[in-house]
Each structure stands twice: as C-alpha cells, then as structure tokens.
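What follows is each chain in one-letter form.
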Amino acid sequence: MAVDPRNTSRRCPKCGHIAKENRTAQEKFHCIACGHNAHADTVGAVNVLRAGLVRREAAPA
Ligand SMILES: [Zn+2]
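Bear in mind that the values here come from a model prediction, so they are computed numbers and not experimental data.

Q: Got a minute to help me understand the coordination of the zinc ion in this structure?
A: For a metal with four tetrahedral donors the ideal donor-metal-donor angle is 109.5 degrees, while six octahedral donors give ideal angles of 90 or 180 degrees. On the protein side, the zinc ion has Cys12 (SG), Cys15 (SG), Cys31 (SG) and Cys34 (SG) as donor atoms, found 2.3 Å from it. Note that the zinc ion binds 4 donor atoms; their angles at the metal cover 107 to 114°, and the shape is tetrahedral. Between consecutive donor residues of the zinc ion, the sequence gaps follow C-x2-C-x15-C-x2-C. Here Cys34 lies in the loop between strand E1 (28–30) and strand E2 (37–39) and Cys15 lies in the segment before E1, a separation of 19 residues in the sequence. Look at Cys15 and you get partly exposed, because its relative accessible area is 40%.

Q: Hey, could you run me through the side chain of Asn22 in this one?
A: The residue Asn22 is located in the segment before E1 in this model. The residues touching Asn22, leaving out its near neighbours within four places in the chain, are Arg10, Cys12, His17, Lys28, Phe29, His30, Cys31 and Ile32.

Q: How should the pattern of salt bridges be read in this particular structure?
A: Side-chain pairs of opposite charge can arise where the charged atoms are in close proximity. Taken as a whole and judged by the stated rule, the model has 1 salt bridge. Note that Lys20 is salt-bridged to Glu21, the shortest N-O span being 3.3 Å. Owing to a relative accessible area of 42%, Glu21 belongs among the partly exposed residues under this scheme.

Cut-offs used in this document
- Residues numbered from 1 in each chain as written.
- Predicted model: local features only at pLDDT ≥ 70, side-chain atom pairs only at ≥ 80, totals over all residues.
- Heavy atoms only, no water.
- Donors = N, O, S within 2.8 Å, 3.2 Å for Na, K, Ca; no water.
- Tetrahedral: all angles 85-135°; square planar, octahedral: opposite > 155°, others 65-115°.
- Helix = DSSP H or I, 4+ residues; strand = E, 2+ residues; numbered from the N terminus.
- Buried < 20%, exposed > 50% of the residue type's maximum accessible area, 1.4 Å probe, protein only.
- Contact = heavy atoms within 4.5 Å.
- Salt bridge = Lys/Arg side-chain N within 4 Å of Asp/Glu carboxyl O.

In structure tokens, the structure reads:
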C-alpha cells in the first residue's frame, strides 16, 4: 500500500501542524506550534502509519 510521504517528516504527531521548520535537523523534530520534540524517524514512521490507516478507513486513533 502506498501513502503520500510528502509531509510525513514535517507533520507534528501531537498537534498536526505541518511546517518544514519543524524539521530542525536530519534526525530531529521540533514542532514550532506546540513545542513537541521527537526523533525525526519516529515522526515519519508514525505519520506514514497513520496515513495508511486512514486510507484503509480503519484508523483507531
Ligand atoms: Zn505540534
């Protein structure tokens, strides 16, 4: 199953804010809207998973 990867590393998993400024470095994610901090790979993985679940219309959260 393919999902659109364009914003997966830019979207805050906590508040949903999308900005390229959220990606402060290759491995770091810092949301400029809510201040959420995470590893960029974790953010990407969470967002890809969520996008896949939405596409399946089986999103539990
Ligand atoms: Zn946020």
